[in-house]
Amino acid sequence: MTNKVTLYVDNIAYQVSDDINLLQACLNLNMDLPYFCWHPAMGSVGACRQCAVMQYQNEEDTRGRLVMSCMTPVTDGMRISLKNEKAHTFRATNIEAIMTNHPHDCPVCEEGGDCHLQDMTLLSCHIKRRYPGTKRTHNNQYLGPFLNHEMNRCIGCYRCVRFYRDYCGGDDLNVFASKNNIYFGRAEPGTLENEFSGNLAEVCPTGVFTDKPFSQHYIRKWDLQTSPSICTHCSIGCNTYAAERGGKLRKINNRHHPDINGHFLCDRGRFGYEHANIDNKTTHVWLRGDQEHQTNILSYNQTHMKLAQWINEPNAHVIGIGSVRASIENNAALHKLVGAKNFYAGIKQVELSQLQFLAKAYKSSQISLSSLKEIEHSDAVFLIGEDVTQTAPRLALSIRQMTKNEGLKKAAELGIKPWQDEAVRNIRQEDKSPLIIINTHNTRLSDVAKYNINLSPDKQLSLLLEIEQYLKNPHNDYSDATLKITQALLKADRPTIITGTYNFDVTLLSTCLRVSVLLKQHKTHSGFYCATSSINALGLSLFCQPEQDLDNLIFQTEEKPPSSLIIMETDLYRYYSNEKITSWLNKIKNIIVIDHIITDTVKMADLVLPASSLFEQDATWLNAEARMQHSYAVMPMEKMRQTSWQWLCQHNLLEDNQAIVKYIQDIAPQLTPMSQFLQNDKTHFSVARQAMRSSARTAFYANIDVKEYAPKKDNKSQLNFSMEGLPAFRQSTLNNSQHKINTPITGVWSPKWNSHQAINKAGYNSCKIDINLGIKIFDDLKPKHSKLPKLQDPSHSSSLAHTIVCPQHHIYTNDELAGYANSIQQLVPKLAISLNQNMSNKLSVKSGESININSDDYCLSLPCTINDTIADDIILVPINEFIKLGSNIQVSSITDGEHNE
Amino acid sequence: MSHSVHAPNNPLTRFITQDENCWQLNQYQMQGGYDGLKRALTVSGPAVLDEIKESNLRGRGGAGFPTGLKWSFVPQGDDAPHPKYMIVNADEMEPGAYKDRLLLEKTPHQIIEGLIIGGYTLDADIGYIFIRGDYYTAIKHIEIALKECYDNNLLGKNILGSAFNFEIHIHTSAGRYICGEETALINSLEGKRANPRAKPPFPQVAGLWGKPTIVNNVETYCNLPHIINFGASWFKSLGRFKDAGTKIFGVSGRVKTPGLWELPMGTPIGEIIDNYAGGMCDGYKLKGFLPGGGSTDFLLEKHFDTPMDYDEIGKQKSRMGTGTIIILDDKYCPVAMVLNLVKFFAQESCGWCTPCREGLPWAQVLLEKIEQGKGELSDIKQLEDLCKFAAPGNTFCALAPGAVEPLQSALIYFRDDFELHISQKSCPYCSEAYSEDINDQ
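Basis of the calculations
Residues numbered from 1 in each chain as written. Chains lettered and ligands numbered in written order. Predicted model: local features only at pLDDT ≥ 70, side-chain atom pairs only at ≥ 80, totals over all residues. Contact = placed C-beta atoms within 7 Å. Helix = DSSP H or I, 4+ residues; strand = E, 2+ residues; numbered from the N terminus. Nonpolar A, V, L, I, M, F, W, Y, C, P; charged D, E, K, R; others polar. Core = buried A, V, L, I, M, F, W, Y, C linked by C-beta atoms within 7 Å. Buried ≥ 20, exposed ≤ 12 C-beta atoms within 10 Å, placed from the backbone. Domains from an automatic or database assignment. UniProt positions renumbered as here; feature names shortened; annotations may be inferred.

Caption draft 1: Spatial organisation of the interface of chain B and chain A. If you look at the interface, chain B gives 31 residues, while chain A gives 32 residues. Elements supplying a minimum of two residues to the side of chain B that touches chain A: α13 (334-348), α14 (354-371) and α15 (377-389) of chain B. If you tally residues by element for the side of chain B that touches chain A, the top one is α14 of chain B, at nine residues. Residues belonging to the side of chain B that touches chain A are distributed by class as follows: 16 nonpolar, nine polar and six charged.

As structure tokens, this is what we get:
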């Protein structure tokens with residue numbers, strides 16, 4: 001429990017919480033106390049010595065004692081001084097020492113202007129260099145497509161290795177050598193293996209690790225236009241800052257959300273933005289011409305006439321396919337246009353069943369949905385059937401933190417505070433809170449798992465059913481695995497059950513939910529989390545009736561195709577074989593595709609409507625924990641692009657945001673709180689997206705025109721595409737007034753704190769308007785004693801999870817849009833089927849030889865690799881191939897014939 | 001506890017004879033070796049601890065922390081975590097210190113006996129001897145001694161028929177000075193980078209692999225069998241001043257008979273240098289000396305009456321450290337000597353905290369500049385600033401504060417020498433040719 005205590009800083013009394021260290025307390029009070037090695041998510045280690053302050057024993061004590069504020073707990077009545085000359089001199093000498101080897105390369109350093117070291121150097125008043133020696137130099141390393149490495153800039157704060165090794169569990173980054181020659185890098189050059197390596201660019205207080213994709217279109221921080229965004233590359237919904245200049249998305253930075261991403265993003269989310277920049281994007285309305293290879297560009301008027309003609313033609317039957325990567329608003333607009341009966345989710349049947357089952361279950365008071373923060377604070381996690389590192393990476397990082405709680409508990413018993421990072425680590429050693437994983441093979445989290453059980457899906461289900469039985473009727477006649485798992489879960493106070501929909505197994509999911517309900521009866525504070533496939537998968541499912549999925553749509557319209565088909569923001573070719581989709585689309589007269597990139601589906605369209613990317617629209621999303629969040633456009637829309645709902649608004653009578661929200665409230669009452677995101681009121685205050693010093697704006701388009709164009713207007717939010725309006729850091733000053741600004745702050749900049757690191761300072765007491773934390777839609781809706789729904793039709797379990805073929809996920813292939821980023825493409829693994837040695841013997845294949853898989857819809861042949869952590873009797877197929885498989889799967893090896901001889 | 005009556009006045013070195021095999025078990029036992037252990041096993045662990053506390057034994061590694069007090073923080077009783085570890089810090093690497101080497105090579109069983117007694121006292125399970133990798137002879141002797149102990153039921157299960165079980169492993173250090181810092185030693189033993197750890201938690205509570213751990217110097221352990229054997233009051237009576245027992249003192253530098261002697265605590269410095277080390281070599285005068293090895297402040301001839309006693313030396317603004325005196329004579333450049341030391345400590349900095357990692361190399365650069373005759377008066381001020389910068393409390397461990405001790409005192413006592421280097425733009429102690437040679441480099 002935290003208490004408020006009195007802290008005297010330079011003889012002025014402040015009220016601060018007593019569960020934090022002195023540095024944090026001072027930063028929360030907006031004091032300018034410099035620091036390097038401390039990080040709010042990683043705690044204190046006392047290495048850099050920069051945060052020294054003078055501590056006095058009592059009012060009479062005038063001598064004082066220099067203490068490192070990051071290592072000092074706050075106590076009631078504590079007296080300290082920041083201004084004391086001895087402390088000030090120490091801090092000045094310290095930064096001078098830190099800077100002895102730091103190059104004077106700020107003008108060519110990409111960190112310049114966004115550099116914690118620059119900020120701290122000025123705060124500590126180090127102006128003149130006295131050190132007369134030469135500077136040490138290092139060789140830099142190639143670290144892969146995400147990060148640049150410039151070791152000469154290193155100031156030895158150890159944050160990188162602490163983050164990479166201790167926080168993320170990576171082992172290919174380390175510190176080498178000693179004294180001022182310490183080297184932070186890999187044993188040899190090569191791509192950093194950890195999925196969270198990109199955070200090093202933010203964790204590093206200076207320019208040792210910098211964002212490599214950003215280098216390719218580098219812009220100084222003060223020239224960037226920034227706005228609060230939501231990551232759409234998986235279902236977690238991490239909060240980000242998207243930064244833009246000149247119509248090009250430049251960079252994604254973390255935006256602190258206490259309950260979701262905290263301070264860190266995964267590399268897919270950080271580097272997956274380039275779909276907004278690629279050449280292969282839609283910019284104009286394209287109408288297929290009468291002749292082959294002929295495309296006509298239509299004006300807005302022509303477009304709407306064409307649309308009206310196709311929608312309203314006699315006997316028109318218009319089908320709409322919504323998307324898991326399209327916002328709630330866009331899906332709703334399409335839903336209205338085509339009508340509930342004709343609206344289909346752009347996903348396969350099994351996934352829609354999973355999502356709808358989840359949405360129903362979440363209404364039950366027997367299920368508590370955990371946030372990532374709650375998962376981090378839980379004391380046992382049971383992770384079932386989902387390789388979350390690949391499908392919802394940020395979730396895996398939270399689960400990894402959960403395992404450290406046992407150590408925190410032990411540390412607390414010895415009177416060690418949780419933020420005493422190194423002390424806690426030394427106490428913790430190998431003791432971990434239990435993480436129990438049931439999967440088909442070892443995953444990145446296996447290294448911290450207490451039990452890691454690899455089973456085929458049917459065996460996973462039987463084990464889970466046995467656990468369910470045990471929880472109903474505990475006795476000792478169960479299998480060893482059941483007893484071990486249940487004991488670990490029941491020993492915990494706040495166990496969490498985590499699964500995902502990417503195993504395509506409805507039965508497993510419903511069993512997970514039942515186990516979760518039973519566990520909650522034993523442990524009130526137990527939680528549940530189910531990762532879904534995409535940022536708005538859950539949101540889309542709320543608009544659909546059962547069976548309104550792609551499988552059913554294609555099956556039902558095989559004979560009687562619709563007259564017009566509107567496909568919104570999805571690529572059907574990701575779900576089925578080329579032949580199947582092409583032959584189906586060929587039967588349809590008018591195909592309208594709304595998207596911002598030219599997908600294979602766009603290429604099949606008769607009419608292409610260029611949609612805005614995430615970064616050009618204000619949008620609302622429903623993440624896996626049923627939290628509704630709003631993202632804001634960072635740039636005006638390019639050329640003819642419009643947000644999908646805007647293309648449809650002339651035809652569905654939902655002419656503005658308010659009308660859409662109202663419609664959404666009608667069709668999905670759970671989403672009613674969405675109206676809180678509406679904010680068109682710019683009468684009092686608006687907020688600038690650009691920094692006050694945004695420079696060279698007059699020169700930016702000088703190659704096009706000498707005149708400076710007026711900034712584009714943004715009518716949809718309280719933000720401006722310019723420097724006009726309130727600077728972001730002033731927003732918080734309005735919090736208590738009647739002129740409240742509802743948008744999250746647009747960027748991290750405040751006087752003296754220029755770098756993005758300032759978020760570490762701000763993260764703890766930044767303006768926290770509830771709405772900015774999102775709305776968990778099921779929290780208020782739960783009627784008491786509402787029961788879990790029953791899985792109605794067991795035929796639903798005709799899942800994609802065939803007895804032996806299971807999906808294998810990869811962080812860089814699972815998400816459609818991230819795949820457009822060049823940096824991510826470089827890390828996509830070669831397609832291969834994985835299996836264990838027993839299975840390879842069974843199939844008579846050796847590593848590297850090909851395996852054939854035939855099914856009704858799709859056949860594939862891939863070389864195989866042996867991985868002995870994979871369970872018996874299964875083979876793992878890359879997800880993007882797996883998902884295309886139909887029924888009647890046959891597995892064979894190429895060499896079968898030879899062996900039969 | 002009853003004690004032997006024939007108490008020696010040189011307990012630590014009494015086993016060392018002219019016989020080159022004097023370190024072996026039979027010789028050690030013939031002279032009363034392992035009697036202390038046998039006696040300890042007849043009483044309870046807490047009773048042994050009381051005796052150690054009563055003896056006023058202070059850690060011989062340099063800091064002089066009371067051993068009994070240190071040990072009393074180890075959790076005891078049935079709820080105490082296990083295994084508990086006892087570690088011998090035999091990573092002697094301090095410039096000028098070679099006292100542990102003598103004990104390690106000549107009396108390995110005395111160390112092992114002390115370690116087993118320590119293990120018994122605190123109900124520990126496993127002992128480690130963390131030894132400097134370059135001490136080949138010592139390593140060989142300890143390895144053989146350990147085997148002798150296992151063969152004779154001095155180690156392993158039910159030691160000497162008691163219910164006490166104890167294992168000892170030897171770990172040879174890969175060679176970093178910082179491993180002598182007890183928590184860096186623990187990290188190194190765990191296979192981690194040898195950086196010191198944050199305290200609290202102190203190793204007594206959560207040390208090696210998170211378990212209660214005691215780390216003490218070789219010489220500290222060597223005292224234990226004798227305290228148990230002859231009693232705390234005998235031990236206290238050995239000291240000539242406040243501190244109890246004897247200590248191995250050494251003198252190096254241009255004295256007539258450099259070496260090591262076991263002498264009572266509180267022996268005056270002058271007596272050690274003049275009587276035992278034979279005074280200065282002919283033609284050399286004493287300019288100053290480091291009383292306790294390379295990381296202690298200089299003292300001068302005027303301090304000769306000071307007893308070698310932790311607190312008394314502290315009063316003269318230096319430290320007893322390892323008790324191995326390094327002499328600076330009037331023909332050797334004090335700047336060069338300090339540079340040599342600072343260079344060593346800068347090299348051995350683990351690189352964790354700023355004042356040590358960046359401050360020591362900075363001081364090294366300035367001292368090199370001055371020694372090469374390129375110094376400026378402002379460099380002296382900078383050196384003073386750097387000494388304050390690396391003061392105790394400002395750094396993560398004691399390495400940097402110790403490293404600047406010779407420098408900060410040299411800046412006071414030998415300031416003229418620094419200024420002379422600067423004003424005449426060369427080292428006054430080097431021949432002209434030599435100083436040009438340095439300049440060319």
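Caption draft 2: Representation of the environment of glutamine 429 of chain A within the structure. Summarising the element assignment, glutamine 429 of chain A is placed in the loop between α15 (421-428) and β18 (435-439). Separated by 25 residues in sequence, glutamine 429 of chain A and lysine 404 of chain A place their C-alpha atoms 9.7 Å apart. Once residues within four sequence positions are removed from consideration, glutamine 429 of chain A is found in contact with Trp209 and Gly210 of chain B.

Caption draft 3: Representation of the nonpolar core in the model. With 382 residues, the main nonpolar core has Leu383, Ile399 and Leu435 of chain A together with Ile116, Val342 and Ala363 of chain B as its most contacted residues. Apart from residues no more than four positions distant in its own chain, leucine 383 of chain A is found in contact with Val388, Ile399, Leu435, Ile436, Ile437 and Ile498 of chain A.

Caption draft 4: Focus on the domain arrangement of chain A. Partitioning chain A into domains gives domain 1 (4-99), domain 2 (128-276), domain 3 (285-353 + 547-648), domain 4 (358-532) and domain 5 (799-900). One C-alpha centre belongs to domain 1 of chain A, the other to domain 5 of chain A; they are set 56 Å apart.

Caption draft 5: Structural context of the UniProt feature "domain: 4Fe-4S His(Cys)3-ligated-type" (unreviewed entry) in chain A. Feature annotation in UniProt places "domain: 4Fe-4S His(Cys)3-ligated-type" (unreviewed entry) on residues 86-125 of chain A, given in this structure's numbering. Taken as a whole, residues 86-125 of chain A contains 52% helix and 0% strand, while its terminal C-alpha atoms sit 14 Å from one another.

Caption draft 6: Looking closely at the domain arrangement of chain B. Residues and elements named next belong to chain B. As assigned here, chain B comprises domain 1 (25-238), domain 2 (246-327) and domain 3 (334-440). Computed from C-alpha coordinates alone, the two centres of domain 2 and domain 3 are separated by 23 Å. Each side of the interface is counted separately: domain 2 has nine residues, and domain 3 has eleven residues. The class makeup of the residues in the side of domain 2 that touches domain 3 is three nonpolar, four polar and two charged.

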